[in-house]
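# Tertiary structure, described
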Amino acid sequence: METTDAFVGLTCVDCEETFDAEQATHRCPDCGGILDPDYDYDEIDLSREDLESRRFDSMWRYEELLPFPRSAAVSMDEGATQLVECPDLADEMGVGRVLFKDEGRNPTGTFKDRGQTAAITAAAQHGATDVALNSAGNAGQSAAAYAARADLQSHVFLPSRAGFTNKAMVNVHGGDLTVVEGRIGDAGEAYADAMDQHDDWYSVKTFVTPYRHEGKKTMLYEVVEQNDWEVPDAVVYPTGGGVGLVGMHKGAKELRDLGLTDEIPSMYAAQSSGCAPVVEAFDEGKEVHEVWETPDTICGGIEIPDPGASPMILDALRESDGGAVATSDEDILDSAVAVAQKEGLEMGATCAAAASGAWELARRGEFDDDDTVVLLNTGAGNKDDDVLRSHLMSKGV
Ligand SMILES: *Cc1c(COP(=O)(O)O)cnc(C)c1O
Ligand SMILES: [Zn+2]
């Protein structure tokens, strides 16, 4: 395996045992817990100047802080997305600045590419021939794209309610697509049955592979560097399984521990009130969520009723002095339209939970008037332009 110098292996978040990344490929061999890539931070000698001297061209420019070197990465130069100033939104929310991290500008149009470049690199390094996952849609599309680039066969299980673009592009990338009637959990059952029948399929599913949240932590590195090393006060994130949130919180602590910054941002989980297990657990002071019995939201990317990593998400929210907020689908879709009309920026329906959540947090007085608030736009608006357009039509526009 080709790994970076400081990468020491995978540590279980439950039993805290560390494993060699060559042998341990997915969940903890001892207890089944989530594995987290671990580094010898004393080995990492990186200054702000070192990073600034590199071209802003891909998330792999932070390779010292990733498990694999850039030369080994299955990459399409993902990441290095723009951080766009939103003065009108800042005015409306009564904060100093609103910055829009535009992950829609990734190869397949969402931040899932940061997770899949790392996960598919690991699959290739482990000698996999086939990769598999179930997904609400975007992760499946992304996995099919990166598998194609690595000459691997992908097996993608999507629920019938996944968007047309997702399904179509899995086919276009040559993936083996199975559409399962229902929601993400139904697709998950079909995926699990298929995995049982194919020992040689390598999972690239959320928090089953240790590498998806690892890839996504680079969003935080970029935000800080793009903001001239000023750590923003708040990051609002549309939360489903919490992969990006957990990753960004880890990234923030790494920058601080390496002495590149002094503090970490407050992390906020934004969900739809039609499926808000993380918000409910946060509000009730719990350490783990309860399964959301009847998930019902148009925001497919965050319709995750049973987020297995909720203890890590809740830790990140509390440790960073952040919070959690749920808003209705109606508010979320209104927010996507408002951002498109006020700032020109295109937000996917799911992603707009971040904007709608930030507005709600602002109304509750959660932000100060000189705060810098980052909205994570996890995906491109044109992934679900049909949803946004129908919303306008429902209002007679
Ligand atoms: C997957 C997805 C999310 C949720 O991501 P998690 O890290 O699993 O919480 C949010 N927005 C979009 C567009 C997604 O595809
Ligand atoms: Zn363990």
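The structure under discussion appears in the preceding block.
Small disclaimer: the values here were computed from a predicted structure and weren't measured.

### A few points about the overall build of the protein
Summing up its helical and strand segments, the protein has 14 helices and 13 strands in all. Over its C-alpha trace the protein gives a radius of gyration of 20 Å, about what one expects of a compact globule, namely 21 Å for 397 residues. In terms of overall dimensions, the protein has C-alpha extents of about 50 × 50 × 40 Å along its principal axes. Taken over 397 residues, the protein has a buried fraction of 59%. Here the contacts in the protein between residues at least 6 apart in sequence split such that 69% fall between residues at least 24 apart. Mean positive and mean negative side-chain charge positions of the protein (30 and 76 charges, respectively) differ by 5 Å.

### What to know about unusual backbone geometry
With a phi angle near 55°, Asp77 is a residue other than glycine that sits in the positive phi range. Locating Asp77 in the fold gives a position in the loop between helix 1 (48–52) and strand 4 (83–85). Overall, Asp77 belongs to the partly exposed group, its relative accessible area being 46%. The backbone of Ala80 sits at a positive phi, close to 50°, despite the residue not being glycine. Relative to the elements of secondary structure, Ala80 occurs in the loop between helix 1 and strand 4.

### Topic: the site of ligand 1
Around ligand 1, 17 residues are found, and the nearest of them are Lys112, Tyr237, Gly240, Gly242 and Thr378. Within the backbone of Gly241, one N or O atom sits 3.0 Å away from an oxygen atom of ligand 1. Gly244 is positioned such that a nitrogen or oxygen atom in its backbone is 3.0 Å from an oxygen atom of ligand 1. When contributions to the shell around ligand 1 are tallied by element, the ones reaching two or more residues are strand 10 (234–238) and helix 9 (243–257). The residue makeup of the shell around ligand 1, split by class, is six nonpolar, nine polar and two charged.

### What to know about the sheet that holds strand 3 (residues 35–39)
Pairing is antiparallel across the open sheet formed by three strands, whose spatial order is 2-1-3. Two strands lie at the open edges of the sheet, namely strand 2 (18–19) and strand 3, each paired on one side alone. As judged from the five bridges shared by strand 1 (residues 7–12) and strand 3, these two strands associate in the antiparallel manner. Within strand 3, the residue paired with Leu10 across the bridge is Pro37.

### Side note on the coordination of the zinc ion (ligand 2)
Taken together, the protein donors to the zinc ion (ligand 2) comprise Cys12 (SG), Cys15 (SG), Cys28 (SG) and Cys31 (SG), at separations of 2.3 Å. Classification of the site at the zinc ion (ligand 2) rests on its four donor atoms, whose angles at the metal span 99 to 120°, yielding the label tetrahedral. All donor residues of the zinc ion (ligand 2) come from one chain, and their arrangement in sequence is C-x2-C-x12-C-x2-C. Placement of the pair is Cys15 in the loop between strand 1 and strand 2 and Cys31 in the loop between strand 2 and strand 3, with a sequence separation of 16 residues. Residue Cys15 is classed as partly exposed on the basis of its relative accessible area, which comes to 34%.

### Notes on the pairing of strand 6 (residues 130–134)
Strand 6 sits mainly inside the fold: five of its five residues count as buried. Neither face of strand 6 is open: one carries Asp130, Ala132 and Asn134, the other Val131 and Leu133, and all of them are buried. Traced from strand 6 through helix 4 (residues 138–149) to strand 7 (residues 153–159), the parallel crossover comes out right-handed. Looking at chain direction, strand 6 and strand 9 (residues 201–203) are connected through three bridges and run parallel. From the neighbouring strand, Asp130 faces strand 9, where its bridge partner is Trp201.

### Things to note about the environment of Arg70
Its place among the elements puts Arg70 in the loop between helix 1 and strand 4. With a relative accessible area of 30%, Arg70 lands in the partly exposed category. The sequence separation of Arg70 and Met267 amounts to 197 residues, and the corresponding C-alpha distance is 28 Å. With residues near it in sequence (within four places) discarded, Arg70 still touches Asp57, Ser58, Trp60, Arg61, Glu63 and Asp77. At 3.2 Å, the side chain of Arg70 and the side chain of Asp57 are in polar contact.

### Observations concerning empty space enclosed by the protein
Going through the model one piece at a time under the given rule, you end up with one cavity of 30 Å³ or more. Roughly 30 Å³ of internal volume is contained in the largest cavity. Every residue lining the largest cavity is listed: Leu220, Val224, Val231, Ala252, Leu255, Thr261, Glu263, Ile264 and Pro265. Broken down by secondary-structure element, the contributors of at least two residues to the lining of the largest cavity are helix 8 (218–226) and helix 9. In terms of residue class, the lining of the largest cavity is built from seven nonpolar, one polar and one charged.

Parameters at a glance
Sequence order sets the numbering: in each chain, residues are counted from 1 along the sequence as written. Following the order in which they are written, the chains are lettered starting with A and the ligands numbered starting with 1. Whole-chain, interface and lining totals are the exception, using all residues; otherwise, since this is a predicted model, local features are given only for residues with pLDDT of at least 70 and side-chain atom pairs are given and counted only at 80 or more. No hydrogens and no water enter the side-chain calculation; it runs on all heavy atoms of the structure. Here a strand is any run of E in DSSP of at least two residues, a helix any run of H or I of at least four, and the numbering for each starts at the N terminus. As defined in this context, the radius of gyration uses C-alpha atoms, and a globule is described by 2.2 Å times the residue total to the power 0.38. Throughout, exposure labels follow a simple rule: accessible area from a 1.4 Å probe, protein chains only, divided by the maximum for the residue type, with under 20% read as buried, over 50% as exposed, and the rest as partly exposed. A contact between two residues is defined here by any heavy atoms of the two lying within 4.5 Å. Charge convention: Lys and Arg are scored as positive, Asp and Glu as negative, and His as well as the terminal groups of each chain are ignored. By convention, the point assigned to a charge is CZ for Arg, NZ for Lys, CD for Glu and CG for Asp. For each residue, the test is whether any non-hydrogen atom lies within 4 Å of the molecule or strand; if one does, the residue is near. The term polar contact refers here to a pair of N or O atoms within 3.5 Å; inside protein, the definition further demands a hydrogen-donor-capable atom paired with an acceptor-capable atom, and it admits residues adjacent in sequence only when both atoms are side-chain atoms. In this classification, the charged set is Asp, Glu, Lys and Arg, the nonpolar set is Ala, Val, Leu, Ile, Met, Phe, Trp, Tyr, Cys and Pro, and all remaining amino acids, among them Gly, are polar. The criterion for strand pairing is that DSSP finds at least two bridges linking the strands in question. For Na, K and Ca the donor cutoff is 3.2 Å, while for all other metals N, O and S atoms count as donors only within 2.8 Å; water does not appear among the atoms, so some sites may look incomplete. Key to geometry: four donors with every angle between 85 and 135 degrees are tetrahedral; four donors are square planar and six octahedral where opposite donors lie over 155 degrees apart and all remaining angles lie between 65 and 115; all other sites are irregular. Here the term right-handed applies to a crossover when the path leading from its first strand over the helix to its second strand runs clockwise, the strands being oriented away from the viewer. Buriedness for pockets is judged along seven lines, at least five of which must meet protein on both sides within 12 Å for an open set on the 1 Å grid over protein atoms alone, while cavities are sets there where a 1.4 Å probe fits but cannot get out, and lining residues have an atom within 4 Å of a point. Grid points are joined across faces, edges and corners, and a volume is the space filled by probe spheres set on the points.

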